Amino acid sequence: MWTRRQAVSGLVGVVCAGRAAAAEPVTTGEVFRSGEGGYHTYRIPALLETKKGTLLAFCEGRRGSRSDTGDIDLLLKRSTNGGKTWGAVQVISDMGPNTIGNPCPVQDRKTGRILLPLTFNLGNVTEKQMIDRAVEARRTVFLCHSDDDGKRWSAPREITDSTRRADWTWYATGPGNGIQTKKGRIVIPCDHVEEGTKEKYSHVIYSDDGGGTWKIGGRAGAGTNECAVVELGDGSLMLNMRSYHGKNRRAVAVSVDGGLTWSDTRWDEALVEPVCQASLVAAGGVLYFSNPASVKRERMTVRASRDEGVTWAERVLHAGPAAYSSLATVGKRDLGCLYECGEQGPYERIVFARFARTWLRGE
């Protein structure tokens, strides 16, 4: 087990191959294909299994180009049969020529409400312009919700005042998924850039009333970015982060106070990355992780750790170009991964893969 003492002392993970076992099939299917449905590119997947067992596959629909800037809508497809088939595209939010995206869904256990934090910016303003303060615009934070298993969604409600500090320019929720702790706190992994220094930081926002009100939690060390959060067995939180420190390894920090503060950043030597988003979820006492496990965006890999990140078993889902991903449980025994991939480039399509957790662990 990764204890608080080990996390602070800088213990890093190692790779171990899974035990030889009969390979169980991985079922895959295309959910979004770039160039179809009036969108140039589909990007930034986020996957959630609801309490009713419905799978929700969110992504950004980028109308004019592959760019992070421009006319970008937030889309959804639902599956009620474990990912075998998917319903029609739903437009969750369309801000006209502007950008709305970075989905990071979570469902409140008490009410069943599905919360969907998002971020917005003007479509004619780039990330670099906001960071350089070449324009007055900054990224703002919104929240949608659904009370009927993702069939219908509220209009976006702005929550910027309680989730972004005045000196933050760029901002992103997730992308991927949020969590609800055993005590009921909803925690959303985020990142931002600070004005003046232009430093990148991972941070969290949280709600203790089912998403009614929000507060800013602690930030991790400089040079971190898009991140994922899980609750460990002892109730502490682990933040796994994209890193700009030139190590091509994922950064890790731990919180023992519900996300209010974070330990010093360490690097997991087992988790190779090309400086890219990744996904991390916990289920049944096991951590599951996915990312392009290379120094460039390729080789989509899923991993499992029974000791909270000390050692990892791994399997490759897609050896070719690949980028962002999102993991979720599917039923009681399986795991799903919604990920970007292609043959010539990583953004040709968004694919859903389903596989047994035991297969991933090499059992």
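Summarised in this report is the structure supplied together with it. (Residues numbered from 1 in each chain as written. Predicted model: local features only at pLDDT ≥ 70, side-chain atom pairs only at ≥ 80, totals over all residues. Heavy atoms only, no water.)

Description of the sheet that holds strand β18 (residues 237-243)
The cut-off we apply is this: Strands pair, by our definition, only if DSSP identifies at least two bridges between them. Helix and strand definitions follow DSSP, with helices as H or I runs of at least four residues and strands as E runs of at least two, each counted in order from the N terminus. For helices, the fitted line uses only the C-alpha atoms of the stretch in contact; every axis is such a line through C-alpha atoms, and the angle between N-to-C directions lies from 0 to 180 degrees.
Taken in spatial order, the four strands make up an open sheet running β17-β18-β19-β20, and their pairing is antiparallel. Edge strands, defined here as strands with exactly one partner in the open sheet, are β17 (224-231) and β20 (266-272). Ignoring which end each strand starts from, the neighbouring axes of this sheet average 35° apart. Relative to β18, β17 runs antiparallel, the two being bridged by six bridges. Paired with Ala228 across the two strands is Asn240, which belongs to β18.

Quick word on the pairing of strand β3 (residues 41-49)
Rules: Partly exposed describes any residue whose relative accessible area lies between the buried limit of under 20% and the exposed limit of over 50%, with all areas from a 1.4 Å probe on protein chains only and scaled to the type maximum.
Of all nine residues making up β3, nine are buried, and the element is well covered by its neighbours. What sits between the antiparallel neighbours β3 and strand β4 (residues 55-62) is a turn of five residues, in which Gly53 has the positive phi angle 90°.

Let's talk about the nonpolar core
Quick note on the threshold: To form a nonpolar core, buried Ala, Val, Leu, Ile, Met, Phe, Trp, Tyr and Cys residues must be joined to one another through side-chain atoms within 4.5 Å. We call two residues in contact when some of their heavy atoms are within 4.5 Å.
Ranked by size, the top nonpolar core spans 20 residues in total, and within it Tyr288, Leu317, Tyr339, Phe355 and Leu360 carry the most contacts. Those elements giving two or more residues to this core turn out to be β21 (279-283), β22 (286-292), β23 (298-305), β24 (311-330), β25 (334-341), β26 (349-356) and α4 (357-361). Excluding residues within four positions of it along the chain, Phe355 makes contact with Val26, Val302, Leu317, Asp334, Leu335, Cys337 and Leu360.

Here we look at unusual backbone geometry
With an omega of -5°, the peptide bond between Gly174 and Pro175 qualifies as cis. Looking at the secondary structure, you find Pro175 in the loop between β12 (168-173) and β13 (179-180). The phi dihedral of Arg133 is positive, around 60°, even though this residue is not glycine. As for its placement among the helices and strands, Arg133 is situated in the loop between α2 (127-132) and β10 (140-146). You can call Arg133 partly exposed: its relative accessible area is 22%.

Quick look at the environment of Leu239
Within the element layout of this structure, Leu239 appears in strand β18. A relative accessible area of 0% means that Leu239 is categorised as buried. Each C-alpha atom of the pair Leu239 and Val204 lies 9.1 Å from the other, and the pair is 35 residues apart in sequence. Discounting chain neighbours no more than four positions away, the residues touching Leu239 are Pro189, Ser202, Val204, Ala220, Cys227, Ala228, Val229, Ala251, Val252, Ala253 and Trp262.

As for the side chain of Ser279
Basically, it comes down to this: In protein, a polar contact requires one atom able to donate a hydrogen and another able to accept it; more generally it is a pair of N or O atoms within 3.5 Å, and residues adjacent in sequence count only if both atoms are side-chain atoms.
Within the element layout of this structure, Ser279 appears in strand β21. Classification of Ser279 as buried rests on a relative accessible area of 3%. A polar side-chain atom of Ser279 sits 2.9 Å from the main-chain amide nitrogen of Leu327. Each residue touching Ser279, except ones within four places of it in the same chain, is listed here: Asn177, Ala228, Tyr288, Phe289, Ser290, Ser325, Ser326 and Leu327.

Things to note about the environment of Gly259
Here Gly259 lies in the loop between β19 (249-255) and β20. Along the chain, Gly259 and Val187 lie 72 residues apart, while their C-alpha atoms are 7.8 Å from each other. Not counting the four nearest positions on each side in its chain, Gly259 is found in contact with Val204, Gly217, Gly218 and Leu237.

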